[in-house]
Structure formats: C-alpha cells, structure tokens
2 protein chains.
Amino acid sequence: MGALDEGRFTGEFENEMKLGFGCGFCGLLEVEVEDSETSVIEGAVKVLLQGLGEDFNRDGLKKTPLRVAKALIDGTRGYRQQVNDIVQGALFPEAGVGSGIGHAGGVGGLVVVRGIDLFSYCESCLLPFKVQCHVGYIPSKQQVVGLSKLSRVADVFAKRLQNPQRLADEVCSALYESIRPSGVAVALQCWHIQFPSDLETSDSNHIAQDMDGWASTSVFSGLGLFKDKACDVWSDFLALVKFKGAIALDRKRASSWCPSQAVVMPECNGHGLTSLPNPITESNLRILAKLGATHSTMIAAVTLILRALGEDPLRKELVNTPRHFVKWLMKFKRSTLEMKGNGFHYGSEVPNPNCIIKESGESERVRMRSELNLPFWSQCEHHLLPFHGVVHVSYYMVEEAEALDRSSLQTIVHFHACKLQVQERLTKQIAESVNTVSGGGGVMVVVEASHICMISRGIEKIGSSTATIAVLGQFASNPLAKAMFLQMISIRTS
Amino acid sequence: MGALDEGRFTGEFENEMKLGFGCGFCGLLEVEVEDSETSVIEGAVKVLLQGLGEDFNRDGLKKTPLRVAKALIDGTRGYRQQVNDIVQGALFPEAGVGSGIGHAGGVGGLVVVRGIDLFSYCESCLLPFKVQCHVGYIPSKQQVVGLSKLSRVADVFAKRLQNPQRLADEVCSALYESIRPSGVAVALQCWHIQFPSDLETSDSNHIAQDMDGWASTSVFSGLGLFKDKACDVWSDFLALVKFKGAIALDRKRASSWCPSQAVVMPECNGHGLTSLPNPITESNLRILAKLGATHSTMIAAVTLILRALGEDPLRKELVNTPRHFVKWLMKFKRSTLEMKGNGFHYGSEVPNPNCIIKESGESERVRMRSELNLPFWSQCEHHLLPFHGVVHVSYYMVEEAEALDRSSLQTIVHFHACKLQVQERLTKQIAESVNTVSGGGGVMVVVEASHICMISRGIEKIGSSTATIAVLGQFASNPLAKAMFLQMISIRTS
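- By the naming in an unreviewed UniProt entry, chain A is GTP cyclohydrolase 1, taken from Amborella trichopoda.
- According to its UniProt record, chain A has this under Pathway (unreviewed entry): "Cofactor biosynthesis; 7,8-dihydroneopterin triphosphate biosynthesis; 7,8-dihydroneopterin triphosphate from GTP: step 1/1."
- Listed in UniProt under the heading Sequence similarities (unreviewed entry), the comment for chain A reads: "Belongs to the GTP cyclohydrolase I family."

Re the relation of the copies chain A and chain B
Here comes step 1: Superposing chain A onto chain B requires a rotation of 180° together with a translation of 0.0 Å along the rotation axis, leaving an RMSD of 0.0 Å. Look at the turn and shift together and you get a two-fold axis relating the two.
Here comes step 2: Of all interface residues in chain A, 100% are interface residues in chain B too; the two copies therefore contact each other through one and the same surface.

Concerning the pattern of salt bridges
All names here are of chain A.
Here comes step 1: Taken as a whole and assessed by the stated rule, the structure comprises 36 salt bridges over all chains.
Here comes step 2: With its nearest N and O atoms 3.3 Å apart, the salt bridge here joins Glu317 to Lys316.
Here comes step 3: Given a relative accessible area of 29%, Glu317 falls into the partly exposed group.
Here comes step 4: Residue classification places Lys316 among the exposed residues on the basis of a relative accessible area of 68%.
Here comes step 5: One network of salt bridges, in which partners are shared, links Glu123, Arg166, Glu311, Arg315, Lys316 and Glu317.

Here we look at the state of the cysteines
All names here are of chain A.
Here comes step 1: Under the definition given, this model contains 0 disulfides over all chains.
Here comes step 2: No disulfide involves Cys172; its nearest neighbouring cysteine sulfur is the one of Cys133, lying 10 Å away.
Here comes step 3: By relative accessible area, Cys172 is classed as buried at 0%.
Here comes step 4: Its sulfur unpaired, Cys258 is 3.7 Å from the next cysteine sulfur, which belongs to Cys125.
Here comes step 5: Assessed through its relative accessible area of 1%, Cys258 is described here as buried.

Comments concerning the packing of helix H14 (residues 406-417) of chain A against helix H15 (residues 423-437) of chain A
All names here are of chain A.
Here comes step 1: Packing of H14 against H15 brings their axes to within 9 Å, and their N-to-C directions diverge by 140°. Relative to H15, H14 is oriented oblique. Seen from above, H14 lies across H15 with right-handed handedness. Here H14 contributes Leu409, Ile412, Val413, His416 and Ala417 to the contact with H15, which in turn contributes Leu426, Gln429, Ile430, Ser433, Val434 and Val437.
Here comes step 2: Looking at side-chain class alone, the contact of H14 with H15 contains 8 nonpolar, 3 polar and no charged residues.

Description of the interface of chain A and chain B
Here comes step 1: Listed as interface residues are 72 residues of chain A and, on the opposing side, 72 residues of chain B.
Here comes step 2: Carbon and sulfur atoms make up 58% of the surface buried where chain A meets chain B, a total of about 6000 Å² over both sides.
Here comes step 3: The tally of links from chain A across to chain B stands at 6 salt bridges.
Here comes step 4: Between Glu448(B) and Arg114(A) there is a salt bridge whose closest N-O contact spans 2.9 Å.
Here comes step 5: At the boundary of chain A and chain B, one finds 16 residue pairs in polar contact (both at pLDDT 80 or more).
Here comes step 6: Ranked by the residues each element gives to the side of chain A that touches chain B, the list is headed by strand S13 (residues 465-473) of chain A, at 9 residues.
Here comes step 7: Across the side of chain A that touches chain B, the residue classes break down as 32 nonpolar, 21 polar and 19 charged.
Here comes step 8: The sheet contact formed by S13(A) and strand S2 (residues 102-103) of chain B spans 2 bridges and is antiparallel. Residue pairing in the sheet places Leu472(A) in a bridge with Gly102(B) of S2(B).

Focus on H15(A)
Side chains of residues three or four places apart in an α-helix project in the same direction, reflecting 3.6 residues per turn.
Residue and element names in this part refer to chain A.
Here comes step 1: With 15 residues, H15 should cover 21 Å at 1.5 Å per step; its first-to-last C-alpha distance of 21 Å lies within 8% of that length.
Here comes step 2: For H15, the tally of buried residues reaches 13 of 15 residues, placing the bulk of the element in the interior.
Here comes step 3: Two residues or fewer past H15, Gly439 is found with a positive phi of approximately 100°.

A short note on empty space enclosed by the protein
Here comes step 1: Enumeration over the complete set of coordinates arrives at 11 cavities of 30 Å³ or more.
Here comes step 2: The space that makes up the largest cavity amounts to roughly 160 Å³.
Here comes step 3: For the largest cavity, the lining is made up of 19 residues, of which Cys380(A), His382(A), His383(A), Gly146(B) and Leu147(B) are closest to its centre.
Here comes step 4: Sorting the residues of the lining of the largest cavity by element identifies H15 of chain A together with strand S5 (143-145) and helix H5 (147-158) of chain B as the ones contributing at least two each.
Here comes step 5: Tallying contributions element by element places H5(B) first for the lining of the largest cavity, with 3 residues.
Here comes step 6: A class-by-class count of the residues in the lining of the largest cavity yields 9 nonpolar, 7 polar and 3 charged.

Notes on the packing of aromatic side chains
Here comes step 1: A complete count under the given rule lists 16 aromatic pairs over all chains for this structure.
Here comes step 2: Relative to Trp234(A), the ring of Phe220(A) has its centre 6.0 Å away and its plane inclined at 75°; by these criteria the two rings are edge-to-face. Of this pair, Phe220(A) sits in strand S8 (residues 215-224) while Trp234(A) sits in helix H9 (residues 232-242), and the two are 14 residues apart along the sequence.
Here comes step 3: Its relative accessible area of 0% is what places Trp234(A) among the buried residues.
Here comes step 4: Taking the centre distance of 5.5 Å and the plane angle of 80° together, the rings of Trp234(B) and Phe237(B) count as edge-to-face. Of the two residues, Trp234(B) and Phe237(B) are both situated in helix H9 (residues 232-242); the distance of 3 residues between them amounts to about one turn of the helix. Of the two residues examined, Trp234(B) and Phe237(B), each falls in the buried class.
Here comes step 5: The side chain of Lys130(A) reaches across the aromatic face of Trp191(A), ending 5.7 Å from its centre.

What to know about helix H12 (residues 321-330) of chain B
Here comes step 1: Most of H12(B) is tucked away, with 9 of its 10 residues classed as buried.
Here comes step 2: For H12(B), the set of buried residues is Thr321(B), Pro322(B), His324(B), Phe325(B), Val326(B), Lys327(B), Trp328(B), Leu329(B) and Met330(B).

Focus on the pairing of strand S10 (residues 385-396) of chain A
Every other side chain in a regular strand lies on the same face of the sheet, so the side chains alternate between the two faces.
Residues and elements named next belong to chain A.
Here comes step 1: For S10, the buried fraction is high: 12 of the 12 residues fall into the buried class.
Here comes step 2: The pairing of strand S9 (residues 368-380) with S10 spans 11 bridges and is classified as antiparallel. In the strand pairing of S10, Gln379 is matched with Pro386.
Here comes step 3: Between S9 and S10, which pair antiparallel in sequence order, lie 4 residues; one of them, Leu384, sits at a positive phi of approximately 50°.
Here comes step 4: With 9 bridges connecting them, S10 and strand S12 (residues 442-451) associate as antiparallel partners. What sits directly across from Val391, in S12, is Val447.

Topic: the environment of Thr468(A)
Here comes step 1: Mapping Thr468(A) onto the fold places it in strand S13.
Here comes step 2: A relative accessible area of 2% means that Thr468(A) is categorised as buried.
Here comes step 3: As for Thr468(A) and Thr493(A), which are separated by 25 residues in sequence, their C-alpha atoms are 16 Å apart.
Here comes step 4: Excluding its chain neighbours within four sequence positions, the residues that come into contact with Thr468(A) are Gln423(A), Glu424(A), Thr427(A), Val445(A), Val446(A), Val447(A), Leu110(B) and Val111(B).
Here comes step 5: Of note is the side chain of Thr468(A), whose polar atom sits 2.7 Å from the side chain of Thr427(A).

Digging into the environment of Glu371(B)
Residues and elements named next belong to chain B.
Here comes step 1: Inspection of the secondary structure puts Glu371 in strand S9 (residues 368-380).
Here comes step 2: Note: C-alpha distance between Glu371 and His392 (21 residues apart in sequence) is 5.8 Å.
Here comes step 3: Here Arg406 takes part through its side chain, which lies 2.9 Å from a polar atom of the side chain of Glu371.

Details of unusual backbone geometry
Here comes step 1: Within the chain, Asn373(A) stands out as a residue other than glycine whose phi angle is a positive 60°.
Here comes step 2: Among the structural elements, Asn373(A) can be located in strand S9.
Here comes step 3: Classification of Asn373(A) by relative accessible area gives buried; the value is 5%.
Here comes step 4: Phi is positive for Arg180(B), which is not a glycine, with a value near 55°.
Here comes step 5: Among the structural elements, Arg180(B) can be located in the loop between helix H6 (164-179) and strand S7 (183-192).

Cut-offs applied
- Residues numbered from 1 in each chain as written.
- Chains lettered and ligands numbered in written order.
- Predicted model: local features only at pLDDT ≥ 70, side-chain atom pairs only at ≥ 80, totals over all residues.
- Heavy atoms only, no water.
- UniProt positions renumbered as here; feature names shortened; annotations may be inferred.
- Least-squares fit on C-alpha atoms with pLDDT ≥ 70 in both.
- Contact = heavy atoms within 4.5 Å.
- Salt bridge = Lys/Arg side-chain N within 4 Å of Asp/Glu carboxyl O.
- Buried < 20%, exposed > 50% of the residue type's maximum accessible area, 1.4 Å probe, protein only.
- Disulfide = S-S within 2.5 Å.
- Axes fitted to C-alpha atoms, helices over the stretch in contact; angles between N-to-C directions.
- Helix = DSSP H or I, 4+ residues; strand = E, 2+ residues; numbered from the N terminus.
- Parallel < 35°, antiparallel > 145°, perpendicular 65-115°, else oblique.
- Left-handed = near helix turned anticlockwise from the far one by under 90°.
- Nonpolar A, V, L, I, M, F, W, Y, C, P; charged D, E, K, R; others polar.
- Buried area = accessible area lost by both parts, 1.4 Å probe.
- Polar contact = N/O pair within 3.5 Å; in protein donor to acceptor, adjacent residues only side chain to side chain.
- Pairing = 2+ DSSP bridges.
- Expected span 1.5 Å × (residues − 1).
- 1 Å grid on protein atoms, 1.4 Å probe; cavity = no way out; pocket = protein on both sides within 12 Å on 5 of 7 lines; lining within 4 Å.
- Points joined across faces, edges and corners; volume = space filled by probe spheres on them.
- Phe/Tyr/Trp six-rings, centres within 6.5 Å; stacked < 30°, edge-to-face > 60°.
- Lys NZ or Arg CZ within 6 Å of the ring centre and 35° of its normal.

Written out as structure tokens, the structure reads:
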C-alpha cells in the first residue's frame, strides 16, 4: 500500500491548489505549465494507484504518476492555445472568379479537408476518444487559409475535455470568427472505447476483428452559408466527404454517447471483478480486500486533476466525471486472488469450431488445441490508459484431460487483463495459467493489441499495434509447432 | 525576379557558413537551432524561387523561405537527438519465464510493434518518403522497454536524410545498443513519390486510384538472434508482421529505389515543360525564358541547405542530391506561356467510356460531358513540397463544338499543375481554361489531392486529403447539374 497517509496527502493538495492555481494561464499561448499543476496531478494519481490496491513505488509504477500528469497536461494543451495566433499568418490573398459567373479560388469555391485524425478527451469519463474530422469552408474577400491550419485549429479544441457536438461547434465557430469566410461546415465521426462490462454481452469474435465494439457517433456543425443544413452547400460538402469512402453520416446528436452514461454500471463492491464473464464463480476465487473508504478519496483525486487541468469541476458536464473515471479504473483493481485450476468448467463434448486439431502425426493428432481471437481489455500500468485486442492460445492436452472450453480460456484472459498490466507480462501470465489448468503439456500464447497510449499521446501512431508471444514446454522445443500456430493465426485472422 | 544580386547573396551565405557553423551541435539533444542556419536556408530558398522564375516577394511566397527552412530543420531534427536519452528511463524490469521451460515476458518472448507510420527524407533527392515500420525484439536480462520508445527511436533516424536500408540498419543497431536485448529485427516498407515524367508512361487511372504510382521497397535488418535471416525467429517476426495485413515482404535491397537515380531525366533545357504529355506541342505554347546561368546557382543553394542541416555535401550519397532536387524543382518552373484554345486537339468521334452523358432533359442530353480521374502532380508554393491527386471535369458543350478529348483536358491540367501552386487556384485556373476552350457554356471542376506538406511536416495527418470545387456558367446557376456531377464522382470513384 505504500507509506502514504491519505489525510496528509489531501491536505497538501489543497495547499498547492491555493498557492499554484488561478485561471490566468488559460488565455495564453503555449505557456509553460507550472510545476505545481504537474505535482498536484502526480499526487492524485498516487491516490488512484493506492485505491487500485497497487504499490506506487514498485518498479513498473514509479514513474506512472509523472507520465500520467505529463500526458494529461499535454492532452489538454488546447486550453492554453489561441486560434487567432494559428490562423493569422496563414491567410493568403487568392483571386476568385468574378462574381456573377461562378465560384472558385478565393470567392465561393468550396474547400474541404477530409480525414483529419484527432484524439480528444471525453468530458464524461476522462478517457480519450478518436475523431475523424472533415472541415469545409467557402472563402470570401479573396482570401484562403493554409490548409494545415484547419487541422491545427481543430486540434486546439480536440485537446480539451469534450463531447462530440461541442467539439464540432467550437471548431466551426472558431474558424468562422478567425477566417471570416462565407461559411464553415464541420463533420466529425467519433469513436469511444467501450467499458469491459459492455463487451461481455456482445459477440466477442465480431468485436475483436472489426472494432465495431467502439461506441460511435457522427455530429455536424455549420455557420454562415452552412447554417441551414438543408441547403445545397451542405449537400456539396457531404458529397465530397462521402466520396472519399467515409462511412455514411447520419445526423443524430451525441448527447449520451459515452458508455459511462449509457450503461448502468454496477456499484463498486470492492472486488473489482464484476467484469469477469459468467463461467467464473466466486467459489473459484478468494476475494481480497474491500475497497472501503478509499473510494471517495479517489473521486476527490480526480476532481483535483480536473482543476489542475484548468477546468471547473462544477461545470455540469463534469460533475459526474470523477465518479465515472473511478468506476472505469476500478474495473482494473488489483486482485491478489489465486486462480485454482481444478475449479474450472471443462469443455463440452461438442466439437468447438474454433478448436483446430493438428493434422500431422497421429500421436499428436488429438493433443494440440487452439482458440483464436479471445478479446480482452486491459489497463497499461505505465500510462493508466487502456490497451485492448485479442489473445490466441494453443496448448497440448495431457492424455487424461478434457479440452478447455472457450469460456474457460476467456476467463483466464479476463482474470489477467483486468488489472494494471503490461502486454509482455499479460502474455506470460496467460501462458502460465493455461499451462497449469491444461496439465502442463506446453502452451503458446500470442497477444495482439492496440495501445491507447500509442495513439492518444505525443507520438500519435494511430495505425500501430503490438504483438507478443509466450511459449512454454513443447512449443519452446518444437519450432514446427510454433510456426504452425502462427500460420493458423495468419490464415484465420486475415 | 525580385531585387537580388546573386553574387552578393552567395557571398553572404559563405560568410554565414564560416561564422555560424560547426559540427558541435550534432551530438546534443533538442538544442535550439541557431538563427544563422535558418537564415542560410531561407536565403537558399529565395535563390531556388528565383530560379523557378518566381518573385519571392509576392504574397503567396513571402513566408515560403521561412516555412521551408523551419520544415527542413524540423524534418532533420534526428541529427540533434540521442537514442540513449529516449530509452534510458523506459527500461522496466519484467520477470520472464524460467529458463529451460520457455520464452515470455522479460526473457526471450518476442515483442513486435507493427505499423508505425513515419516520414523520412530521401538523401538522393531531398524529397520526403513514407515509411511503415515494424520493429521486433527479444528481451533479455528480465528487462522490457516501453513500447512507444521503439517508435521514438525509429523516428530519430527517420528524421535525417536517409535511404531505406541505412534507416533500417541504424534503427536496428541503435535499439540493439541501447536496450541490449537478445535480438532486434526491423522491417520497413517505404514509398517514394514518383517524378512527373515517370507518370506519363503509366496508366493514369490506375495510378490515381490506388497510388501504385509510388516507388516502393521493403528492407530488413537484424542483429543478435536475428543476425541470420534464415532462422526461426525471423519467421516468427515476419509471421506476426504479416498477419496484421501488411503486404508480402520480399527481401530485395533498395540501393537505387529513388526515381532520381532510376530514371534518366532529360537535361534541364530551360522551358521546364518536358513533363507535359504528348498531345501538347510547342506550337501550342510560347516558350518563356531560358533557365540559363541560374541553374548552377540553384545547385549551390541546395548544397548550402545540406550543410546548414548539419550534413556533409561531399558524402558520396549526397554528391548528386542538389542536382536531383533542382531537376525535380525545375519541373515546376513558372511559365508565362499563354494557352491558346484554338490549338487544341479535339476529340475523336469514338465514344469515350469516361464521357458520361446527362440523362434527363433532351435539350441537354448531348451537351454535358465529364472526364473523371485526370491525374496531376503539383508543387505547393507555401512549402515547396508536392501535392498530387486527380481532377474531375464536367462542362457544357456549345452547339457547334466537338467534345474535348481526355488528353486535351489532361494537357490543361498538367499546364496549370506544373508550377508553384495552391490547390484553390489550380482548381479555378483549370475551370477557366476548360471554359475557354469548350466555348464558354459552363464548367465544373473538382480537385482531390493529398498534400505532402500535410503528412510530412509537424501535424503529420497521414490520412487527410483535400477537395476543392470551381463552378462556372450554367453549373453556377443550376444546383441540380452540380449535384449530379458530384454524385457521378461519388459513384465512379468509390
């Protein structure tokens, strides 16, 4: 638990808040954020780690508070940026066609920048959400703006706590005010990660492969000639956005798209294992500590983070945010439960279509079993941000054992994923657990994951993904078995 | 031409080089680049603009020298970064499985980060090239590295003048030295933009739609356990990279992948129009000024840029770079030629499959003609970086006129694209030219383009693209005609 006295800690926060805070820095461009904000957030993150049952002095977590503080401050840098500073130097005189004969260039010719990838933070739960942004404007006064500025302005508002509709409206009006064109249109497609409890009821293969598991919405905003969404220019704009292959846009509002609002989440009951799937029962697990008093402390810590970022925690959209974020975090509460191999549901006799049997070698024929695409969500312990993806498992059965059914393997995956983790360790732990419950004949595990920390933080490598391998027993000594399983994954998941 | 005395200018550069330069700053992390480097590059860019027949004091170009200098310095920031500073704080102890029983976690369990999007600069021609980078390593000593660091280290070497194989080798050995793992593997897929002269011989529809027109190559580098590319771990690595959907990797070297080396380019002959397609003849054009003496000055200017970036212009891979870059630039030399409408080839009587005839209204039935997907390459005047894409044209024929054939329209597109441009103006100019040669019945032009400046500079919005519209005559007054053409584009290009 570490050596922290919670009362003292909270007191220190309050002093720092009084000393270090004001709203004065919000209006300045790229002002160096004062150390006091960073240290407030660092302290708050330590409280959160404690609440998760973690020792924030252990190696993997030592720098997590600082990393999280830096990421949050950078991720909300939009509060300290001014649109006019971005646009001012990038307005270029550009003659349009003469009035009366048509529209082009600097007069009335629609300009659309499509497919701008952004990341923003959900004001309802503090988790990042992905945005694909399309901006159109109709120049006036023989002036066009540098194309990259549309993207930069959008990013200023994305880097704040947002919901999709407000983000669209703010980008739209900022461009309208700064460029002074005849009209501005903004269309956003937004994707929000789901909470693990939502995933349980869905078809897991489906989610794992096409990411339909994300909550998504499309929102629109228009000013000037785009004020009326039924007018011709909106059709032109949407036609240009669509024929680039963007998905069909509907015009529903995104008032409650965040899963923290839509889903009734179970109250935190201290064991943090409510997200485990059905087959696991409490008899399989020894429940650790009650969450108890630290819950409200965690909520207070998130409130302090909001204030440190320059936000007003009493703004009505933010009032429940600390509670939502803590509920999300508690899904990854550390458990010291031991999993007992003998308590598992073993498989039915019905052949599982996901079970592939090795074809060569009669003696091994019935002994190598595989399950592909077991979905998981986990929480990166270095950044307190989710990573998620699929697990592929192959194992040798010992002679007297029955095959593990898919839900048993899914239980093992969830058990190890639902805590602060790193992908390498998760891979190893799943392999070791499967090896134990399957009789120790040898296991190979491949984990493929997208890390939100890789796409929402500084480097923003949106298309990247990570794969890890663990091999035990016969898989370690038999390169052919390993190659066969990799090939099977390649064929079955492409 | 501006008021520059070239001799004086070159002299000033040389003084600044003597005063402001040393190789001392190369080894420091994130050192502020001295103003003198920026102003050397600014001056060199002014020489290049002059050589292109441009007045660098005109509105669109005023800030181009500074923008180019900042972009080049930022794009080569890797010379001033150290790998150890990036990796040092991000090595985490992580227990692996016990030796003898398998590989996972911190011992021998392969970790692969796939699909890292990067941009680098080609040392052979100074143009940016796109990289998709896959990195794998096998941890040792119970230590793993933060996943984002693999991406950050790769970026250090991408942000230098490179060729693909050296980039792969440098990333590989830097990771091997800094992480000290059991092995490192790097696979890069690289795409280089082609030069306009290469595009002429290809099927233009094909290029426009799937970007196969980019020169591409795949390169590999391995150290430690990956030193032998025939070993099992290479197969594992490639299997993991492949089953994410990456294209098949072959192992050819990329010694001469840059189009500046592969293609024998015509000598600069002063008119800068060698990239125009066949149907245009010199009789259609009045040739402007000879390039003359400024050619060698331009080459000297690029040499100064290389030195200002901290490179050695005498390094053998760089010796021809200034010449290559100037040849590329000269493809976009400003021409004051007038296009004469009456000199054009008019269309054959054979129905063109790309010509779509309006279906409603007998009187307009034979009068509205369209050509889709006319490819173009142009040069952004704000950043001196290419933008490229396709042009869609629709026009009303006047009664006595014949249809313009595709190659005539392509000639008009090339004529306006092959200079320093902005997309809005290009769209307008194409519309006005087509309107003139087609008899003034009305024209609509849609330009869809990717801007290298949007993806290789600071904001790095790789998936973004820009669409612009110009409408003249009947298209301006008839929303239905406009909507129909947009719908046609949507259907025919999706």
